[in-house]
Protein chains: 2
Amino acid sequence: EILGRILAFYEGEANRPLDGRHVIVTSGPTHEPIDPVRYIANRSSGKQGHALAAALARLGARVTLVSGPVTEPDPTGVQTIHVETARDMAQAVEDALPASVAVCAAAVADWRVDGEAGQKIKKDGSGAVPTLSLVENPDILASLSRRNQGRPALVIGFAAETEKVVDHARAKLARKGCDWIVANDVGSGPDGGVMGSTDNTVHIVTGEGIESWPKLSKIEVAARLAARIALTVKERNI
Amino acid sequence: EILGRILAFYEGEANRPLDGRHVIVTSGPTHEPIDPVRYIANRSSGKQGHALAAALARLGARVTLVSGPVTEPDPTGVQTIHVETARDMAQAVEDALPASVAVCAAAVADWRVDGEAGQKIKKDGSGAVPTLSLVENPDILASLSRRNQGRPALVIGFAAETEKVVDHARAKLARKGCDWIVANDVGSGPDGGVMGSTDNTVHIVTGEGIESWPKLSKIEVAARLAARIALTVKERNI
């Protein structure tokens with residue numbers, strides 16, 4: 001008890017500006033099953049979301065990280081919840097509320113397969129191929145942003161774009177009703193550009209304007225973004 | 001030169017029965033792109049194929065491992081070629097020929113998306129969802145098995161089945177024209193059963209009959225299968 005107070009004194013609000021705030025971060029891809037062995041995935045590695053969760057925890061936040069399937073280790077000092085599908089992720093976020101801040105960094109699948117097959121779909125030898133009918137997944141970012149009760153005071157989305165990065169991010173900000181969009185250019189090359197890589201070039205799109213950051217490592221993006229969030233929490237008295 | 005002969009003498013044919021044979025092994029899943037960020041995948045971890053490549057190398061074979069995207073490390077003493085799609089894998093196998101033995105342990109996607117999108121497919125806000133039209137991928141196992149020239153003397157396929165395991169394996173043996181099918185029950189549970197796990201229950205289906213092995217670790221299945229291959233190479237003078 002006394003030791004705790006001493007430690008709290010030395011760490012101080014200056015170093016732990018997010019003390020007492022609960023932050024939810026989503027990270028990684030989602031996997032949407034086609035049948036028991038096949039699924040639709042995307043190239044998100046979770047590196048950026050996981051680094052951000054760790055950076056927010058270092059600033060004193062209590063962080064709940066809701067992560068899709070990734071090979072990244074669980075960050076230290078963060079409660080990590082592992083999910084597979086967009087529906088699982090939406091439920092885990094719902095269960096983790098209330099929160100002061102929510103950052104949706106996961107690359108949630110927009111669509112899932114309508115009617116997952118219970119058995120492995122097999123070639124029947126006729127050369128006929130199945131068609132996959134898709135259905136829209138829950139929109140976690142929009143749902144959080146448009147909550148009437150218990151909306152986190154700061155809701156941040158990510159946008160991975162292959163073209164017209166800032167235009168698409170502005171449109172996404174308006175469409176989802178969130179406070180910021182962190183937009184990055186994932187390129188359109190066969191290597192998937194920034195996805196899975198260690199660097200990131202991001203633009204922070206808010207109602208007030210756009211900040212374009214230089215090319216940074218994902219660790220540096222995470223540190224800057226966590227500091228930017230802490231500043232806003234202080235300014236807006238969240 | 002002299003040291004090499006001494007080492008060869010001590011290792012001897014008994015320990016290295018596959019000396020001088022080239023074996024191609026495929027392993028892991030393939031990823032079939034939908035657009036620059038999304039793809040269709042499957043739950044194969046590559047554990048069984050990679051373990052088999054290592055076991056064959058320990059018996060003296062020169063092994064070319066053609067691997068889809070996996071987190072397994074490249075096995076020691078094996079030439080590993082990394083590919084992503086079924087078409088890439090088919091080409092890499094073709095390039096690796098000739099071989100005495102080919103083992104197709106990869107979970108090659110039966111279908112790919114017809115007409116990969118050059119840009120990320122976006123929700124247009126209308127609620128309309130895209131439909132994915134699929135087209136059949138090259139059948140690596142059947143192509144190897146039905147080669148007129150340069151067919152490996154022993155062609156082995158794997159079958160991951162969720163039901164009627166042996167029946168399906170028998171049908172696959174006939175349909176593909178290969179020599180053996182190593183069939184395993186991947187289950188139909190939400191955890192994907194054996195895929196990604198360390199254990200495996202397999203049935204070796206050949207023109208002569210069926211051997212059902214007890215539940216073994218994938219390392220043990222690999223060692224037994226490599227020894228079984230070495231025995232056949234000796235018996236049939238491959």
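Anyway, here's the lowdown on the structure attached to this text. Please read these numbers as outputs of a predicted model, since none were measured by experiment. (Residues numbered from 1 in each chain as written. Chains lettered and ligands numbered in written order. Predicted model: local features only at pLDDT ≥ 70, side-chain atom pairs only at ≥ 80, totals over all residues. Heavy atoms only, no water.)

All right, on to the pairing of strand S1 (residues 22-27) of chain A then. Residues and elements named next belong to chain A. Counting buried positions over the 6 residues of S1 gives 6, a clear majority of the element. In S1, alternate side chains face the same way, and those of His22, Ile24 and Thr26 on one face and Val23, Val25 and Ser27 on the other are all buried. Bridge analysis of S1 against strand S4 (residues 62-67) gives 6 bridges, and the strand direction is parallel. Considered in S4, the bridge of Thr26 is made with Val66. (Buried < 20%, exposed > 50% of the residue type's maximum accessible area, 1.4 Å probe, protein only. Helix = DSSP H or I, 4+ residues; strand = E, 2+ residues; numbered from the N terminus. Pairing = 2+ DSSP bridges.)

The next point concerns the packing of helix H2 (residues 47-58) of chain B against helix H6 (residues 218-235) of chain B. All names here are of chain B. Taken N-terminus to C-terminus, the directions of H2 and H6 make an angle of 45 degrees; their axes are 8 Å apart at the nearest point. Here H2 is positioned oblique relative to H6, judged by the angle of their axes. In the crossing of H2 with H6, the sense of the turn from one axis to the other is right-handed. Contacts between H2 and H6 pair Lys47, Gln48, Ala51, Leu52, Ala55 and Leu56 from the former with Lys218, Ile219, Val221, Ala222, Ala223, Leu225, Ala226 and Ile229 from the latter. Looking at the contact of H2 with H6 residue by residue, the class counts come to 11 nonpolar, 1 polar and 2 charged. (Axes fitted to C-alpha atoms, helices over the stretch in contact; angles between N-to-C directions. Parallel < 35°, antiparallel > 145°, perpendicular 65-115°, else oblique. Left-handed = near helix turned anticlockwise from the far one by under 90°. Contact = heavy atoms within 4.5 Å. Nonpolar A, V, L, I, M, F, W, Y, C, P; charged D, E, K, R; others polar.)

With that settled, consider the side chain of Ser145 of chain A. Residues and elements named next belong to chain A. Here Ser145 lies in helix H4 (residues 140-145). By relative accessible area, Ser145 is classed as buried at 7%. A distance of 2.8 Å separates a polar atom in the side chain of Ser145 from the backbone oxygen of Leu141. With residues up to four places along the chain from it excluded, the contact list for Ser145 reads Arg151, Val155, Lys176, Gly177 and Cys178. (Polar contact = N/O pair within 3.5 Å; in protein donor to acceptor, adjacent residues only side chain to side chain.)

Attention shifts here to the relation of the copies chain B and chain A. Note on the identical chains: chain B maps onto chain A by a rotation of 180 degrees and an axial translation of 0.0 Å, with an RMSD of 0.0 Å. What we have between these two chains is a two-fold relation. Distance from the rotation axis, computed per C-alpha, reaches its smallest value in chain B at Ile40 of chain B: 2.2 Å. Looking at chain B, 100% of its interface residues are interface residues in chain A too, so the copies touch through the same face. (Least-squares fit on C-alpha atoms with pLDDT ≥ 70 in both.)

Another aspect to go through is the state of the cysteines. Inspection of every chain in the model, using the stated rule, returns 0 disulfides over all chains. In this structure Cys104 of chain A is not part of a disulfide, and its nearest cysteine sulfur, from Cys178 of chain A, lies 8.2 Å away. (Disulfide = S-S within 2.5 Å.)

This paragraph deals with the interface of chain B and chain A. In this complex, chain B contributes 41 residues to the contact, which on the side of chain A involves 41 residues. Of the roughly 3900 Å² buried between chain B and chain A on both sides combined, carbon and sulfur atoms contribute 53%. On the chain B side of the interface with chain A, the three residues burying the most area are Arg43, Trp111 and Lys123 of chain B, jointly 19% of the side's total. Between the two partners, chain B and chain A, sit 4 salt bridges. With a closest N to O distance of 3.0 Å, Arg43 of chain B and Glu84 of chain A form a salt bridge. Linking chain B to chain A there are 11 residue pairs in polar contact (both at pLDDT 80 or more). Going through the elements one at a time, strand S3 (38-42), strand S8 (131-136), strand S9 (154-161) and helix H5 (165-176) of chain B are the ones with two or more residues in the side of chain B that touches chain A. Within the side of chain B that touches chain A, the residues separate by chemical class into 18 nonpolar, 11 polar and 12 charged. (Buried area = accessible area lost by both parts, 1.4 Å probe. Salt bridge = Lys/Arg side-chain N within 4 Å of Asp/Glu carboxyl O.)

Strand direction decides the pairing type here: strand S8 (residues 131-136) of chain A and S8 of chain B, joined by 3 bridges, are antiparallel. Within S8 of chain B, the position partnered with Thr131 of chain A by the bridge is Ser133 of chain B. Where strand S7 (residues 111-113) of chain B and S8 of chain B come together, 3 bridges link them in antiparallel fashion. When the bridges of S8 of chain B are listed, Val113 of chain B appears paired with Leu134 of chain B.

All names here are of chain B. Those residues of helix H3 (residues 86-96) lying buried are Ala86, Met89, Ala92, Val93 and Ala96. For H3, the angular spread of buried residues about the axis comes to 125 degrees, placing them on one side. Buried positions along H3 lie against strand S1 (22-27), strand S2 (32-33), strand S4 (62-67), strand S5 (79-82) and helix H4 (140-145). (Arc of directions from axis to C-beta.)

Attention shifts here to unusual backbone geometry. Residues and elements named next belong to chain A. The omega angle of the peptide bond from Leu97 to Pro98 is 5 degrees, so this bond is cis rather than trans. Looking at where Pro98 falls in the secondary structure, it is placed in the loop between helix H3 (86-96) and strand S6 (101-104). Backbone geometry at Lys164 places phi at a positive 45 degrees, although glycine is not the residue there. By the secondary structure assignment, Lys164 is in the loop between strand S9 (154-161) and helix H5 (165-176). Accessibility expressed as a relative area gives 58% for Lys164, which makes it exposed. You will see that Asn237, though not glycine, has its phi angle at about 55 degrees, which is positive.

All names here are of chain B. Taken in spatial order, the 8 strands of this open sheet run S5-S4-S1-S6-S9-S10-S12-S13, and their pairing is mixed. The strands lining the two open edges of the sheet, one partner per strand, are S5 and strand S13 (209-212). Across this sheet, the average inter-strand angle for adjacent strands is 15 degrees, counted without regard to direction. Where strand S12 (residues 202-206) and S13 come together, 4 bridges link them in antiparallel fashion. Across the sheet, residue Thr206 finds its bridge partner in S13, namely Gly209.

Turning our attention to the sheet that holds strand S2 (residues 32-33) of chain A. With respect to topology, 4 strands assemble into an open sheet ordered S2(A)-S3(A)-S3(B)-S2(B), the strand pairing being antiparallel. Both outer strands of the open sheet, S2 of chain A together with S2 of chain B, are each paired with one neighbouring strand and no more.

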